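Structural features, examined
Take a look at the letters that make up each chain.
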Amino acid sequence: MTRPVDEIRRRLEARKQTLGACAGLARFLTAKGVCRQLAQDIAEGFFQKSHHMSKLSEHLIQRLNVKSAISLPTCLALVGPTGVGKTTTLLKLASFYTTQDARVVILNLDPQSSLNTIASKWGLPCLGPEDTLPEYDLLLIDTPGCNFYLPQRVEELGHLLTSCPDTHILLTLSAATKDVDVYGAIHQFSYLEPAGLIFTKLDETLAGGILLNVCQKTTLPLWYVAYGYPLPGKIELADAELIAKKILTDLNCEEFHYLRQLIVE
Ligand SMILES: Nc1nc2c(ncn2[C@@H]2O[C@H](COP(=O)(O)OP(=O)(O)OP(=O)(O)O)[C@@H](O)[C@H]2O)c(=O)[nH]1
Ligand SMILES: [Mg+2]
């Protein structure tokens, strides 16, 4: 028969192990770019329920806000900070929807962009603001990058887009940007009332957890995630399961293996 004191000792030992594993998981998530408080909440939630690794992603999935069932949109304008990959992503979207037999037309509102050259190489109609648009299923609008900390730049962009009614504006952000500037961009670009977010450059960061952080800070849903270069690269409709998997399993550092040892598989 187990003595009560041994039982207490066993429970204390088990509790200590759980606390250690919980701290390990929180550290791992933080290393993956999840902000400290959220990482702690996820780790605690995980250890309160099943400790099975396969259940971990569920704790991330429930915190991701993805646009459900994107049917073919008719008009998308990509706006965002300079260099985040708007033009590249627009071309990826053009390629993605062209392979689904949509008639894609590009409207280039950025005189600096090299979009026209690539679009013509791909046989995609690429027009300027003065041109008459042909019939299309999907109009993709590229815009110039903008220093969003200067409100007048965002307003200018708004004026540029007034000629494009019924457009879903998608704020394009790089996953490899510091959280504070991502939040800054979301705040400053809210003037344009974006419908959702695109995250690019997921291949260039260890810290995909930024997508989770952003979902806690804004109600804007994630529409697309893009990674990979050269073109046509890769673009996907945002899918919570895939994003969670990416955060948990891509580009893992040693801490992940440490974590696996702590959690019963
Ligand atoms: N690794 C990687 N590179 C990317 C991705 N998207 C874009 N890039 C690269 O990022 C750089 C900038 O991309 P652009 O598409 O020109 O960015 P932009 O937002 O249109 O830039 P501006 O129009 O100047 O504001 C280029 O070198 C692209 O090849 C991506 O998902 N992954
Ligand atoms: Mg561009």
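Please refer to the structure higher up on the page.
Residue positions are counted from 1 within each chain, in the order its sequence is given. Lettering for chains starts from A, numbering for ligands starts from 1, and both go in the order in which the items are written. In keeping with the model being predicted, local features are shown solely for residues with a pLDDT of at least 70 and side-chain atom pairs are shown and tallied solely at 80 or more, while totals for entire chains, interfaces and linings include all residues. Hydrogens are left out, water is left out, and the side-chain values use all remaining heavy atoms of the structure.

1. A word on the layout of surface pockets
Cavities and pockets were defined on a 1 Å grid built from protein atoms only: a cavity is a group of points that admits a 1.4 Å probe but offers it no way out, a pocket is an open group of points flanked by protein on both sides within 12 Å along at least five of seven lines, and a lining residue is one with an atom within 4 Å of any such point. Grid points are joined across faces, edges and corners, and a volume is the space filled by probe spheres set on the points. Of the volumes computed, that of the largest pocket is approximately 300 Å³. As for the largest pocket, its lining consists of 20 residues, of which G83, V84, G85, T88 and K201 are closest to the centre. Put simply, DSSP H or I for four residues or longer makes a helix, DSSP E for two residues or longer makes a strand, and each gets a number counted from the N terminus. Of all the elements in the fold, those that place two or more residues in the lining of the largest pocket are α4 (86-98) and β7 (222-227). Ranked by residue count, the leading element in the lining of the largest pocket is α4, at five residues.

2. Quick word on the site of ligand 1
If a single non-hydrogen atom of a residue is within 4 Å of a molecule or strand, that residue counts as near it. Lining the immediate surroundings of ligand 1 are 17 residues, of which K86, T87, T88, D203 and Y229 lie closest. Measuring from an oxygen atom of ligand 1, one finds a side-chain N or O atom of K92 at 3.3 Å. In these tables, accessible area is a Shrake-Rupley quantity obtained with a 1.4 Å probe, and a residue counts as shielded only by the protein chains included in the view. Burial of ligand 1 by the protein chains amounts to 74% of its free accessible area of 650 Å². A pocket or cavity is taken to hold a molecule when more than half of that molecule's atoms are within 2 Å of the pocket's grid points. Spatially, ligand 1 is embedded in the largest pocket. Only α4 and β7 provide two or more residues apiece to the shell around ligand 1. Of all the elements, α4 adds the most residues to the shell around ligand 1, at four residues. Each residue is assigned to one of three groups, with Ala, Val, Leu, Ile, Met, Phe, Trp, Tyr, Cys and Pro labelled nonpolar, Asp, Glu, Lys and Arg labelled charged, and all others, Gly among them, labelled polar. A per-class count over the shell around ligand 1 returns four nonpolar, seven polar and six charged. In protein, a polar contact requires one atom able to donate a hydrogen and another able to accept it; more generally it is a pair of N or O atoms within 3.5 Å, and residues adjacent in sequence count only if both atoms are side-chain atoms.

3. Brief notes about the nonpolar core
As used here, the term nonpolar core means buried Ala, Val, Leu, Ile, Met, Phe, Trp, Tyr and Cys residues forming a set that is joined through side-chain atoms within 4.5 Å. Think of it in three bands: with a 1.4 Å probe and only protein chains considered, a residue is buried below 20% of the maximum accessible area for its type, exposed above 50%, and partly exposed in between. Membership of the largest hydrophobic core comes to 59 residues, with the highest contact counts inside it found for L64, I141, F189, L197, F199, L211 and L222. In this document the domain limits rely on a domain assignment from an automatic tool or a database. Formed jointly, this core draws a minimum of three residues from each of two domains, domain 1 (4-64 + 250-262) and domain 2 (75-239). Those residues within four positions of L211 in sequence are excluded, and the remaining contacts are L64, A175, F199, L202, L222, V225 and I243. Ranked by size, the runner-up nonpolar core spans 22 residues in total, among them L90, A94, L140 and I235. Contact definition: two residues touch when any of their heavy atoms are within 4.5 Å.

4. Let's talk about the sheet that holds strand β2 (residues 104-108)
When DSSP finds two or more bridges between a pair of strands, those strands are recorded as paired. Overall, mixed pairing links the eight strands, which are arranged β3-β2-β4-β1-β5-β6-β7-β8 in an open sheet. Strand pairing shows two members of the sheet lacking a second neighbour, β3 (126-127) and β8 (234-237), which therefore form its edges. Direction of pairing for strand β1 (residues 75-79) relative to strand β4 (residues 138-142): parallel, over a ladder of four bridges. Counted as the bridge partner of A77 is I141 from β4. Strands β1, β5 (168-174) and β6 (196-200) of the sheet are contacted by helix α7 (residues 179-189), whose axis makes an angle of about 160° with β5. Here an axis means a line fitted to C-alpha atoms, over the contact stretch when the element is a helix, while the angle between two N-to-C directions is reported on a 0 to 180 degree scale.

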